[in-house]
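Next come the chains, spelled out residue by residue.
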Number of protein chains: 2
Amino acid sequence: MRFEQQLRDNGVQVTAQRLALMQAVASHPHATADDIAEEARAALGSISRQAVYDTLGMLVDKNLIRRIQPAGSAARYEDRVGDNHHHLICRTCSVMFDVDCAVGSAPCLVASDDHGFEVDEAEVIYWGRCSSCAAG
Amino acid sequence: MRFEQQLRDNGVQVTAQRLALMQAVASHPHATADDIAEEARAALGSISRQAVYDTLGMLVDKNLIRRIQPAGSAARYEDRVGDNHHHLICRTCSVMFDVDCAVGSAPCLVASDDHGFEVDEAEVIYWGRCSSCAAG
DNA sequence: TACGAATTCTGGACAGAGTCAAGTATTAGA
DNA sequence: TCTAATACTTGACTCTGTCCAGAATTCGTA
């Protein structure tokens, strides 16, 4: 199974909780920790909040998933990593879409003045109103 | 006084609390609501938490200040508005610098595929390590 | 200068998201 | 199978931020 392999490749133990959480993230991109816990709970019967946070944090560290935390919302998670894509969020209903990087592979990384930073990510969020909210 | 004028221009009442909060935001860019409350408290003697949140929210609505909410941190406020600038944040120590928009006035607003959204803002955060954290 | 309605501030309770710590259970290598 | 290391559970707790109702302040008008 893919998830099990990803865990082993990263040198961490394989547990039912982790597999269920990875499955939940994969099937519900942009879900919150709570949504993911709910999903995993349906598969496992129960899982503690702490296991959810620990695991999601570990997966983010291992770069197996990505955490996005838009203003005014709990953190969200997605398993699409490594392609430097961005997000489009509706201010009214909070729907979130993926948007490919307009520029290319990772050139958004270049800031006009980097103040001596070693920049490793450029997070871009486009805020606006989705077509249905704009219409309604 | 500039702040008083800004409030009157926006049709809201002028109060000691508001002036102190505006002063605090201006003198401590990128401060959290709590830092700002602390600063205002030093000037006024005391101020309720609710007044702080109400006022900051109102100032953001009136576009007199801007709220930034980086992942893993409380919301921060700054009085530099209307110039579409971005931010550079250190993952280690959380220092935050302003970065001018590399492209120009507001062209970052263009997403590669806008999914029918009416986009009004492109929020860009460069994540990395500042020179002193990278050195240490 | 005083009045009064509208606006704002205070204080306290409350809620959501996430963290800490200690003890128990599970995994996986020998 | 045994054991050490890793992971999970439980429950208390912190930090941001919001809700509410009543008290205080602002400011246009007389």
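Whatever comes next refers back to the structure up there.
Residues numbered from 1 in each chain as written. Chains lettered and ligands numbered in written order. Predicted model: local features only at pLDDT ≥ 70, side-chain atom pairs only at ≥ 80, totals over all residues. Heavy atoms only, no water.

Caption draft 1: View of the packing of helix α2 (residues 16-27) of chain A against helix α3 (residues 33-44) of chain A. Residues and elements named next belong to chain A. Following both chains from N to C, one finds α2 and α3 inclined at 125°, their axes separated by 9 Å at the closest point. Regarding the angle of α2 to α3, the classification is oblique. In this structure, the crossing between α2 and α3 has a hand that is right-handed. Along the contact surface, α2 presents Ala16, Gln17, Ala20, Leu21, Ala24, Val25 and Ser27, while α3 presents Ile36, Glu39, Ala40 and Leu44. Here the residues of the contact of α2 with α3 are counted per class, giving eight nonpolar, two polar and one charged. (Axes fitted to C-alpha atoms, helices over the stretch in contact; angles between N-to-C directions. Helix = DSSP H or I, 4+ residues; strand = E, 2+ residues; numbered from the N terminus. Parallel < 35°, antiparallel > 145°, perpendicular 65-115°, else oblique. Left-handed = near helix turned anticlockwise from the far one by under 90°. Contact = heavy atoms within 4.5 Å. Nonpolar A, V, L, I, M, F, W, Y, C, P; charged D, E, K, R; others polar.)

Caption draft 2: Inspection of the state of the cysteines at higher detail. All names here are of chain A. Summed over the entire model, instances satisfying the criterion amount to zero disulfides over all chains. For the unlinked cysteine Cys90, the closest cysteine sulfur is that of Cys93, found at 3.6 Å. Look at Cys90 and you get buried, because its relative accessible area is 1%. Free of any disulfide, Cys130 has its nearest cysteine sulfur in Cys133, 3.6 Å distant. (Disulfide = S-S within 2.5 Å. Buried < 20%, exposed > 50% of the residue type's maximum accessible area, 1.4 Å probe, protein only.)

Caption draft 3: A look at the protein's contact with DNA strand D. Lining the immediate environment of DNA strand D, one finds 20 residues, of which Thr15, Arg18 and Ser48 of chain A together with Arg49 and Gln50 of chain B sit closest. Within 4 Å of the protein, atoms of DNA strand D come from sugar and phosphate in 67% of cases. Between a sugar or linking oxygen of DNA strand D and a side-chain N or O atom of Gln13 of chain A, the distance comes to 3.4 Å. The side chain of Tyr53 of chain B places a nitrogen or oxygen atom 3.2 Å from a phosphate oxygen of DNA strand D. (Near = heavy atom within 4 Å. Polar contact = N/O pair within 3.5 Å; in protein donor to acceptor, adjacent residues only side chain to side chain.)

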